[in-house]
Every structure is written in C-alpha cells, then in structure tokens.
Amino acid sequence: MKIGILGTGDVGQTIGAKLVDIGHQVMLGSRSKVHEGASDWARQVGEGASVGTFEDAARFGELMFCCVGGAHALAVIDAAGADNLADKILIDVSNPLDFSHGFPPVLAITGTDSLGERIQAALPRTRVVKTLNTVANSVMVNPGMFGEPTALFVSANDASAKAEVIKHLNDWFGWNGVIDLGDITSARGTEAWLLLWTRLYGALGTGDFNIRLVKKSEAKPET
Ligand SMILES: NC(=O)c1ccc[n+]([C@@H]2O[C@H](COP(=O)([O-])OP(=O)(O)OC[C@H]3O[C@@H](n4cnc5c(N)ncnc54)[C@H](OP(=O)(O)O)[C@@H]3O)[C@@H](O)[C@H]2O)c1
C-alpha cells in the first residue's frame, strides 16, 4: 500500500521505517521539498521510502498518518490539502501538547474539545481515526516488547474506518485487543492521558511502558 505520513519527527520516521520494512511504500511529508533529516531517513530505510512536501505526501498516500506536533497539526493539514486527503483514512497520532512553559507540558486543547475532533471538523470528507497517541513511538511499532498484552485505544466517527485501522494495527505492528472507545469525541480522554503519561515518563526515565487494563470477570452461572 502507498502510505503518506505528515511529519518527519521520531514518530513519522519510526512508523515509516516499520511500514517499509513490511513491504509498503512510504512518503514522509515536511514543510519543504528538501529536508535533511527526512532525506537521511529515506537513504537509511532504502527502497520504498521517499520524501516530499506535506502536499506531496497527501497526494501519494492511499492511507495517511498525522504525526506532527499538535500546535501545527491544523496548519499542516491545510498545507496538505483537504482535497488530497478526501475519501482517505487519516490515522491521527498527534497530541495537543504545549511545551511553552517547559516540561511537563500542558494540554493546549482540553475539556469539551480535542485535537482529534478539530482535525475531523477540518476534514469532513476524511475518515479520521485517533490511535497510537497514548504510547511512545518505540511502543507503537513494537508492543511485543512487554511480553504481555497492553492497552491501545481507537476513537473515530466512521465504524468501517475504525475496523480497518484495528486490523492494520494488528497486521502491521502486532496490537491485539484494541479498545474501541467510540466516536472522535473520545479522543478527549486519550489526549488527556498525556498529562499522566508525561509524569510517568519523568518518574520512570523511559517511554518504554504502557498500561494494562484489568476488568473484573463476569460471574459465571453455576451449573
Ligand atoms: N514522540 C513520541 O514518541 C510520541 C508518542 C505519541 C504521540 N506523539 C505525538 O506525535 C506527534 C509527532 O511527534 P514527533 O515527536 O514525531 O514530532 P514533532 O517534533 O512533534 O513534529 C515534527 C513535525 O512537525 C513539523 N513542524 C514543526 N514546526 C512546524 C511549523 N511551525 N509548522 C508546520 N509544521 C511544523 C515538522 O516539520 P518539518 O518536517 O518541516 O521539519 C515535522 O514534520 C506529536 O503531536 C506528538 O505529541 C509523539
């Protein structure tokens, strides 16, 4: 599959390298045609990896990822072009983190709104699926590192897009038991998790962790 990734940071590069490794063609999009970091990435990853502008990547991808800092996500989507993103799934990995006061960051969007909702509202012809934003990029593509199942969530308005992304998460990266939180408004919860995630990162000194949900078993009827 041809996959376009908006973003040349750690997340875009990590997801992109994994997708090329398993046989997909990936274009990373950036602000300019010439991007040193992304060009180095493409050289290292090899055949199947390419680099372009945000607009180039949006034209290229049959399926898209949004992997840019939350403060720039809406401007990047605008640069990518709503027409180029129409009728496609956009997997939104971004978080609305505001580092202007240092670490830990605060949320720039919170309460009765989320970045996922703003992206979906800006792209009414695109099926936005929020996922992977609750874990570090190393964990996104290698949940098997824990040796036991851990939790990942999806939020989206479109049920078929959600089902397709859940299948991709399993086939591409090995995520099992992904939890469907409901429509895109449920991104408010996963984005707010970053307030605790960043504190855990500070306390543990690594991003290689995740949560595991434990639910009380249903009482079994006596036979
Ligand atoms: N890092 C993680 O492990 C992790 C985990 C979960 C979620 N996330 C979320 O994933 C997203 C990407 O994170 P990241 O660490 O890979 O990268 P990042 O540094 O947050 O974003 C890099 C991208 O932002 C673009 N950018 C920077 N300034 C811009 C501006 N003024 N206007 C337009 N675009 C601009 C860069 O463009 P150029 O390509 O032109 O340089 C680049 O493509 C973030 O929202 C983050 O919260 C990150």
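In this report, we go over the structure that sits alongside the text. (Residues numbered from 1 in each chain as written. Predicted model: local features only at pLDDT ≥ 70, side-chain atom pairs only at ≥ 80, totals over all residues. Heavy atoms only, no water.)

### Overview of the overall build of the protein
Move 1: When helices and strands are counted, the protein shows nine helices and ten strands.
Move 2: Against the 2.2 N^0.38 benchmark of 17 Å for 223 residues, the protein shows a C-alpha radius of gyration of 17 Å, consistent with a compact globule.
Move 3: Its C-alpha atoms put the protein at 65 × 40 × 40 Å along the principal axes.
Move 4: Across the 223 residues in the protein, those meeting the buried criterion constitute 47%.
Move 5: Of the contacts made within the protein by residues no fewer than 6 positions apart, 71% connect residues no fewer than 24 positions apart. (Helix = DSSP H or I, 4+ residues; strand = E, 2+ residues; numbered from the N terminus. Rg over C-alpha atoms; globule rule 2.2 N^0.38 Å. Buried < 20%, exposed > 50% of the residue type's maximum accessible area, 1.4 Å probe, protein only. Contact = heavy atoms within 4.5 Å.)

### Examining the environment of Lys 2
Move 1: As for its placement among the helices and strands, Lys 2 is situated in strand β1 (residues 2-6).
Move 2: On the basis of relative accessibility, which here comes to 34%, the residue Lys 2 falls in the partly exposed class.
Move 3: In the structure, Lys 2 is positioned 59 residues away from Gly 61 in sequence and 5.1 Å away in space, judged by C-alpha atoms.
Move 4: Beyond its immediate sequence surroundings of up to four residues, Lys 2 is in contact with Gln 25, Phe 60, Gly 61, Glu 62 and Leu 63.

### A few points about the packing of aromatic side chains
Move 1: For the coordinates displayed, the defined rule picks out five aromatic pairs.
Move 2: Through successive ring pairs, a cluster of aromatic residues spans Phe 103, Trp 197, Tyr 201 and Phe 209. (Phe/Tyr/Trp six-rings, centres within 6.5 Å; stacked < 30°, edge-to-face > 60°.)

### Describing the site of the ligand
Move 1: Surrounding the ligand, one finds 22 residues, the nearest of these being Thr 8, Val 11, Arg 31, Val 68 and Asn 137.
Move 2: One of the side-chain nitrogen or oxygen atoms of Thr 8 is found 2.6 Å away from an oxygen atom of the ligand.
Move 3: Contact distances for the ligand include 3.0 Å between an oxygen atom and a backbone N or O atom of Asn 95.
Move 4: Going through the elements one at a time, α1 (10-21) and α7 (137-140) are the ones with two or more residues in the shell around the ligand.
Move 5: Residues that form the shell around the ligand fall into these classes: eight nonpolar, twelve polar and two charged. (Near = heavy atom within 4 Å. Polar contact = N/O pair within 3.5 Å; in protein donor to acceptor, adjacent residues only side chain to side chain. Nonpolar A, V, L, I, M, F, W, Y, C, P; charged D, E, K, R; others polar.)

### Focus on the packing of α1 against helix α2 (residues 36-45)
Move 1: Viewed as axis vectors pointing N to C, α1 and α2 meet at an angle of 25°, and their least axial separation amounts to 11 Å. Taken together, α1 and α2 sit at an angle that is classed as roughly parallel. Crossing of α1 over α2 shows right-handed handedness. Between α1, through Gln 13, Gly 16, Ala 17 and Val 20, and α2, the contact on the second element is made entirely by Gly 37, Ala 38, Trp 41 and Val 45. (Axes fitted to C-alpha atoms, helices over the stretch in contact; angles between N-to-C directions. Parallel < 35°, antiparallel > 145°, perpendicular 65-115°, else oblique. Left-handed = near helix turned anticlockwise from the far one by under 90°.)

### A few points about the pairing of strand β10 (residues 179-182)
Move 1: Relative to β10, strand β9 (residues 153-156) runs parallel, the two being bridged by three bridges. Bridge assignment links Phe 153 to a residue of β10, and that residue is Ile 179.
Move 2: For the crossover from β9 across helix α8 (residues 159-173) to β10, the handedness is right-handed. (Pairing = 2+ DSSP bridges. Right-handed = clockwise from strand over helix to strand, strands pointing away.)

### Concerning the pairing of β1
Two faces belong to every sheet, and in a regular strand the side chains alternate between them.
Move 1: Burial within β1 is extensive, with four of its five residues counted as buried.
Move 2: Of the pairings in the sheet, the one linking β1 to strand β2 (residues 25-30) comprises five bridges and is parallel in character. Bridge pairing in β2 places Lys 2 opposite Gln 25.
Move 3: For the segment spanning β1, α1 and β2, crossover handedness is right-handed.
Move 4: By the bridge criterion, four bridges tie β1 to strand β4 (residues 63-66) in an arrangement that is parallel. Residue pairing for β4: Leu 6 is matched across the bridge by Cys 66.

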